[in-house]
Amino acid sequence: MTGFQRAKEDRPTPPQVYNWRVYMSSLIVATGVMAYGYDSAFIGTTITQTSFKRDFGIAHMTKAEQNSVSSNLTSIYSAGGFFGAFFMFFSLELLGRKATLIISDVIFIIGAILCTTPTHQLGLIYAGRLFTGLGVGGIAAVCPIYISEIAPPAIRGRLTGFFESSYQIGAVIGFWINYGIVHNIPKESSTAWRIPMGVQLIPAGLLALGLPFLRESPTWLLKRGRDEEAYKSLSYLRNLPTDHHYIAEDVGFVKGQIMHERAMTTGDRPTFAAFIKGASKEALMKGMRNRFALVFFMFMWQGWSGAAAINYYSPTIFASVGLTDITLWTGVYGLIKALGSIIFFTFFVDTFGRKMPWIFSSLACAACQYYLAGYIAVANPSSPANLAHPAASTVAGGKAATAAIMIFGATWSFGANGLPWIISSEIFPSSLRSISGPWAGMSVWLWTFVVRKALPSMYTSMGYGVYVFFASMLVLASVYAWFFIYETKGLRIDQMDELFGFVKPGTSYAAKAVEGDDEARYVDEKQRADARLEVV
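Basis of the calculations
- Every chain is numbered on its own, with residues counted from 1 as its sequence reads.
- Local features are withheld for residues below a pLDDT of 70 in this predicted model, meaning they are given only at 70 or higher, and side-chain atom pairs are given and counted only at 80 or more; totals for whole chains, interfaces and linings count all residues.
- Side-chain figures throughout are based on the complete set of non-hydrogen atoms in the structure, without hydrogens or water.
- UniProt positions are given in the numbering used here, feature names are shortened, and annotations may be inferred rather than shown by experiment.
- Note on conventions: DSSP H or I runs of at least 4 residues are helices, E runs of at least 2 residues are strands, and numbering of each starts at the N terminus.
- Partly exposed residues are those whose accessible area sits between 20% and 50% of the maximum for their type, while under 20% is buried and over 50% is exposed, using a 1.4 Å probe and protein chains only.
- The criterion used for residue contact is that any of the two residues' heavy atoms lie within 4.5 Å.
- Only protein atoms enter the calculation, which uses a 1 Å grid: trapped sets of points that fit a 1.4 Å probe without letting it out are cavities, open sets showing protein on both sides within 12 Å along at least five of seven lines are pockets, and any residue with an atom within 4 Å of a point is a lining residue.
- Grid points are joined across faces, edges and corners, and a volume is the space filled by probe spheres set on the points.
- Amino acid classes used here: Ala, Val, Leu, Ile, Met, Phe, Trp, Tyr, Cys and Pro are nonpolar; Asp, Glu, Lys and Arg are charged; the rest, including Gly, are polar.
- In this analysis, rings of Phe, Tyr and Trp, with Trp reduced to its six-membered ring, are considered paired at centre separations within 6.5 Å, and the interplanar angle assigns stacked below 30 degrees, edge-to-face beyond 60, and tilted for intermediate values.
- Here, over-ring charges are defined by two tests on the NZ atom of lysine or the CZ atom of arginine: distance to the ring centre within 6 Å, and angle to the ring normal within 35 degrees.

- If you look the protein chain up in an unreviewed UniProt entry, it shows as Major facilitator superfamily (MFS) profile domain-containing protein from Friedmanniomyces endolithicus.
- In its Subcellular location (unreviewed entry) section, the UniProt record describing the protein chain reads: "Membrane".
- Word for word, the UniProt comment on the protein chain under Sequence similarities (unreviewed entry) is "Belongs to the major facilitator superfamily. Sugar transporter (TC 2.A.1.1) family."

Spelled out as structure tokens, the structure:
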């Protein structure tokens, strides 16, 4: 595991720290996110299958009623994701990261079974969509923060990037499941919708098989005062003996941070009610509230990046250049997105960091969408005449538009699509991660819901202007990143506190842990922190 490039180490690090255990643990957790990506690719095609509409009586509904059912099946999933992220806050804090994964996975499996087994009960499909949303919302809330807590700082970006890579792999599977069904299964057969519904069980089942091999987050264990278990967990993950000085330093960083935060908020051994009160107080402090705002706005930029618009119009672009097998080329587009994500987050995220890739990705995607807007405005490829007998100029422009779509997929995958999850998982202290994980999940589900609701009317009223709008939003996202997204690769949480203005430079409590100061020295730091808060 030492052959990959990584960020600058926060301190001299034994090579054993970069071992297969921490990689495998991260991969196991990220497996559950495949279900999230899979849903984004399969559900739209599945609920329009002839057999699905027949089996659940949708074929006999009016057009308005059919649209309502389709909207409800997607909206209830988004609502489930939002509330799944919210309710997992309690489990994350009281039961731990591993238990939250177990609960979320069980809920998702129940939902997937409910989606797969009905014969004609549409209510069961609704219930299944709600449960799968609740489950994937919980998984998405805990996955990045768990990985961030177990990862050595120098490879934290790569390991947390497994989240986005897993999402994109799930999407690719969804695209190609659709392709296989369209070309090999009769539309009248119920298996045309049961198979894609049932495939949801595969990533959930893989996560369930891997959960027994996971260790609880050492950070959560230290918060709960379970120091001996935390040492054992860290020893396993770092592949070092429990008495190794590197383990002692890791524990010192976390315990110093916990003591520092409790001194400012809840006291030494807070109750859950005191934790909520203290965490609320801390979240509103200078240097902390800007982090919550950053997460919210990053997912806003992600939602308004235009990816949904690309998905909507790409079949028309493909048809305009004579690519008749639309499902095939949609799958190719998904594959390119997945490869872009996997390559960047595996090999480059801890080298190039977070800020500049975001800016480059946003500007490249904006250029692609500006071109698409111009092409659609001039060539009008969706007109009946062009679809029947496209002009040579339309075909030539359509080939460039197809290339723009593919470039968009490759570059968007490592920008505003994946980086918000990495940044949101690494910038918060342990005291707030039970809140920050659900906050990130709720933010993404909120903006997903808003954008999906807005897009139909935007297409109707704006035409090609939709792409001008999204491209301009991406330009604004790059400007926002220049001023408000800090470079966080390879930093410990105490260094994050300095970066975001929570503590003054040079007053890091974790730096004292490296020097070997005892707990009495931390008390002095806490007293000085209290004095600073009087000013804030």
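## Overview of the environment of Leu207
Argument step 1. Along the chain, Leu207 turns up in helix α9 (residues 201-210).
Argument step 2. In this structure Leu207 comes out as buried when scored by relative accessible area, which is 0%.
Argument step 3. Taking C-alpha positions, Leu207 is 8.8 Å from Leu101, a pair spaced 106 residues apart along the chain.
Argument step 4. Setting aside its immediate chain neighbours within four residues, Leu207 contacts Ile28, Val29, Thr31, Gly32, Asp105 and Ile139.

## Concerning unusual backbone geometry
Argument step 1. One non-glycine residue with positive phi stands out, namely Asn239, at about 60 degrees.
Argument step 2. Following the sequence through the fold, Asn239 ends up in the loop between α11 (227-238) and α12 (245-264).
Argument step 3. With relative accessibility at 35%, the residue Asn239 sits in the partly exposed group.

## Section: empty space enclosed by the protein
Argument step 1. One pass over the full model with this rule turns up 3 cavities of 30 Å³ or more.
Argument step 2. Within this model, the largest cavity holds a volume of roughly 370 Å³.
Argument step 3. In terms of lining, the largest cavity is formed by 26 residues, of which the most central are Ser148, Glu149, Ala151, Thr219 and Val254.
Argument step 4. Broken down by secondary-structure element, the contributors of at least two residues to the lining of the largest cavity are α6 (122-150), α10 (218-223), α11, α12 and α24 (493-499).
Argument step 5. The element that contributes the greatest number of residues to the lining of the largest cavity is α12, accounting for 4 residues.
Argument step 6. For the lining of the largest cavity, a count of residues per class yields 12 nonpolar, 4 polar and 10 charged.

## Examining the packing of aromatic side chains
Argument step 1. Following the criterion strictly, the structure yields 35 aromatic pairs and no others.
Argument step 2. Summarising the aromatic geometry, the rings of Phe52 and Trp193 are spaced 5.6 Å apart at their centres and angled 85 degrees between planes, so their arrangement reads as edge-to-face. Of this pair, Phe52 sits in helix α3 (residues 50-55) while Trp193 sits in helix α8 (residues 191-199), placing them 141 residues apart in sequence. For the pair Phe52 and Trp193, one class covers both residues: buried.
Argument step 3. Three or more aromatic residues link up through ring pairs in this structure, and these residues are Phe292, Phe296, Phe297, Trp301, Phe428, Trp439, Trp447, Tyr480 and Phe484.
Argument step 4. The side chain of Lys355 reaches across the aromatic face of Trp482, ending 5.2 Å from its centre.
Argument step 5. Above the ring of Phe253, the side-chain terminus of Arg492 is found at 4.6 Å from the ring centroid.

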